[in-house]
Amino acid sequence: MIKKSNLTKEIAKTLKIKRQITEKTTLDAIEEFDSIGRLTFIAFADKKFKKNITGDQLTECKTVKDLLNLLS
């Protein structure tokens, strides 16, 4: 199991987020989490974790912690 702090860094790298994010960071505050960012996250979850995440599931997410929960 990957530590949440490492996973948060991996999400930031995947989405090319230039600033530090934490579990408490809201998704609205992440400029890179736009429609392309959402698709990138879905592909990341599928490739790395074999998780099939839907757009509806992402719409319910409000923070980085919510994204982490989708991956666990």
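Bear in mind that the values here come from a model prediction, so they are computed numbers and not experimental data.

1. Here's the deal with the pattern of salt bridges
Opposite charge on two side chains allows them to pair when their charged atoms are near. Tallied over the full model, the rule gives 1 salt bridge. Of the charged contacts, one joins E10 and K48 as a salt bridge, the two residues approaching to 3.0 Å between their closest N and O atoms. Remark: K48 occurs in helix α2 (residues 35-49) and E10 occurs in helix α1 (residues 4-14); sequence separation between them is 38 residues. On the basis of relative accessible area, K48 is assigned to the partly exposed category, the value being 44%.

2. Details of the environment of L70
The residue L70 is located in helix α4 (residues 64-71) in this model. With 21 residues separating them along the chain, L70 and F49 place their C-alpha atoms 10 Å apart.

3. A short note on the packing of aromatic side chains
Per the counting criterion, the structure on display carries 2 aromatic pairs. Summarising the aromatic geometry, the rings of F41 and F44 are spaced 6.2 Å apart at their centres and angled 45° between planes, so their arrangement reads as tilted. Of this pair, F41 and F44 both sit in helix α2, 3 residues apart, which is roughly one turn of the helix. By relative accessible area, which is 8% here, F44 ends up buried. Between F44 and F49, the aromatic rings sit 5.8 Å apart at their centres with planes inclined by 70°, giving edge-to-face as the arrangement.

What counts, and where the lines are drawn
- All residue numbers refer to position in the chain's written sequence, counted from 1.
- Reporting of local features is limited, given that this is a predicted model, to residues whose pLDDT is at least 70; pairs of side-chain atoms are given and counted only at 80 or more, and all residues count toward the totals for whole chains, interfaces and linings.
- Based on all heavy atoms of the structure, the side-chain values leave hydrogens and waters out of the count.
- One speaks of a salt bridge when a side-chain nitrogen belonging to Lys or Arg is within 4 Å of a carboxyl oxygen belonging to Asp or Glu.
- Numbered from the N terminus, helices here are DSSP runs of H or I no shorter than four residues, and strands are runs of E no shorter than two.
- Whether a residue is buried, partly exposed or exposed follows from its accessible area with a 1.4 Å probe, protein chains only, as a fraction of its type maximum: under 20%, in between, or over 50%, in that order.
- Each Phe, Tyr or Trp ring, with Trp reduced to its six-membered ring, pairs with another whose centre is within 6.5 Å; inter-plane angles below 30 degrees give stacked pairs, above 60 give edge-to-face pairs, and intermediate values give tilted ones.

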